[in-house]
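Residue-level structural notes
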Amino acid sequence: MRKPSMPPDEAITLLQEGNARYVAHSLLHPNLGPERRSETGSQGQYPFAAVLACSDSRVPAEFIFDSGIGDIFVVRVAGNVLGHSELASVEYAVDHLGTPVFVVLGHTMCGAVTAVVREGLLHGNLRILSERILPAVERTRQSNPGLSEDELVNATVETNVWKVMAEAFASSACLRSCAKKGEVKVVGAVYDIHTGRIDWLGTHPQQNQLIG
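A closer look at the packing of helix α4 (residues 84-96) against helix α8 (residues 173-180)
- Interaxial distance between α4 and α8 falls to 10 Å at its minimum, and their mutual angle equals 35 degrees. In the crossing of α4 with α8, the sense of the turn from one axis to the other is left-handed. Packed against α4, whose contacting residues are L87, V90, E91, V94 and D95, the element α8 presents C174, L175 and C178 at the interface.
- Each residue belonging to the contact of α4 with α8 can be placed in one class, and the counts come to six nonpolar, no polar and two charged.

As structure tokens, this is what we get:
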């Protein structure tokens, strides 16, 4: 593995500072000019964070972190679920590019989660997606009886983030090894589509058991 470009906590600070600028409407729009294109084109990419985010058009990952070309390795899929392709993409960032942080980013009022809350397993190819979200819905519903639909959706979004983090460790020897050595930090977060603010959930509470 290539040596990380910076310590994981420093990378998280950059993400937090970028989001703070986004919320405050004081964007710097860094690394978007022709010089950055030329640099990354000739010298390669060394992103300081990998982000598994939802495909929702209201969650433009690079913008909400006020980042530019070559800064963030973004994997987007509805419901920020984790399949083989998504996990392979994250492993590429961590193992080949030396990315020191992996963020599982959910968001409030997620359309994919809402659909599964309302309908359960969906039809056609959407069934594959809903099968990955349904366990989080059921777990949240059982733990929090009496929630309104909107409350259940947002509570499930957080449950789903924790679930995806656990799945990532369970399915990736690369992430387990790198996390154990301190070469990567895996953290959860939830983006509020109304305020633009990100609620940082931190590392998984059972991370030590998950990485062995």
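Moving on from the model shown.
As for the pattern of salt bridges
- Evaluated as defined, the whole model comprises nine salt bridges.
- Between R21 and D66 there is a salt bridge, with its nearest N and O atoms 2.6 Å apart. Separated by 45 residues along the polypeptide, R21 in helix α1 (residues 8-23) and D66 in the loop between α3 (61-64) and β2 (72-76) bring together distant segments of the chain.
- Across the salt bridge formed by E149 and R118, the nearest N and O atoms sit 2.7 Å from each other. Here E149, found in helix α7 (residues 149-171), pairs with R118, found in helix α5 (residues 111-119); they are 31 residues apart in sequence, far enough to count as distant.
- In this structure R118 comes out as exposed when scored by relative accessible area, which is 56%.

Quick notes on the pairing of strand β1 (residues 49-53)
- Counting buried positions over the five residues of β1 gives five, a clear majority of the element.
- Here β1 shows a buried face lined by A49, V51 and A53 and a second buried face lined by A50 and L52.
- Inspection of the sheet shows β1 paired to β2 by five bridges, in the parallel sense. Opposite A49, over in β2, you have I72 as the bridge partner.
- In this sheet, strand β3 (residues 101-107) lies alongside β1 in parallel orientation, the contact comprising three bridges. In the sheet register, V51 faces β3, and the bridge partner there is V103.

Overview of α8
- Among the residues of α8, those classed as buried are C174, L175, C178 and A179. Mapping the buried residues of α8 onto a view down its axis gives an arc of 120 degrees, with all of them on the same face.
- Those residues of α8 hidden inside the fold are in contact with α4, β3, α7 and α9 (207-211).

Focus on the sheet that holds β1
- Strand order in the open sheet formed by five strands is β2-β1-β3-β4-β5, and the pairing between neighbours is mixed. Edge positions in the open sheet fall to β2 and β5 (198-202), since each of these has one partner strand only. The sheet shows a mean angle of 25 degrees between the axes of neighbouring strands, taken without regard to direction.
- Together, β1, β2 and β3 form the strand contacts of α4, whose direction differs from that of β2 by roughly 175 degrees.

Some points on the nonpolar core
- Of all hydrophobic cores here, the largest spans 41 residues; its most connected members are L52, V94, F102, V113, I133 and L175.
- Top element by residues in this core is α7. It accounts for eight residues.
- If you look at the next biggest cluster of nonpolar residues, it comprises 20 residues, including I12, I64, I72 and V101.

As for the pairing of β5
- Judged from the four bridges that link them, strand β4 (residues 185-191) and β5 form a sheet pairing that is antiparallel. Its bridge partner lying in β5, G188 is registered against G202.
- Remark: six residues form the turn of the hairpin made by β4 and β5, two consecutive strands paired antiparallel; G196 in that turn has positive phi of roughly 85 degrees.

Rules behind the numbers
- Residues numbered from 1 in each chain as written.
- Predicted model: local features only at pLDDT ≥ 70, side-chain atom pairs only at ≥ 80, totals over all residues.
- Heavy atoms only, no water.
- Axes fitted to C-alpha atoms, helices over the stretch in contact; angles between N-to-C directions.
- Helix = DSSP H or I, 4+ residues; strand = E, 2+ residues; numbered from the N terminus.
- Left-handed = near helix turned anticlockwise from the far one by under 90°.
- Contact = heavy atoms within 4.5 Å.
- Nonpolar A, V, L, I, M, F, W, Y, C, P; charged D, E, K, R; others polar.
- Salt bridge = Lys/Arg side-chain N within 4 Å of Asp/Glu carboxyl O.
- Buried < 20%, exposed > 50% of the residue type's maximum accessible area, 1.4 Å probe, protein only.
- Pairing = 2+ DSSP bridges.
- Arc of directions from axis to C-beta.
- Core = buried A, V, L, I, M, F, W, Y, C linked by side-chain atoms within 4.5 Å.

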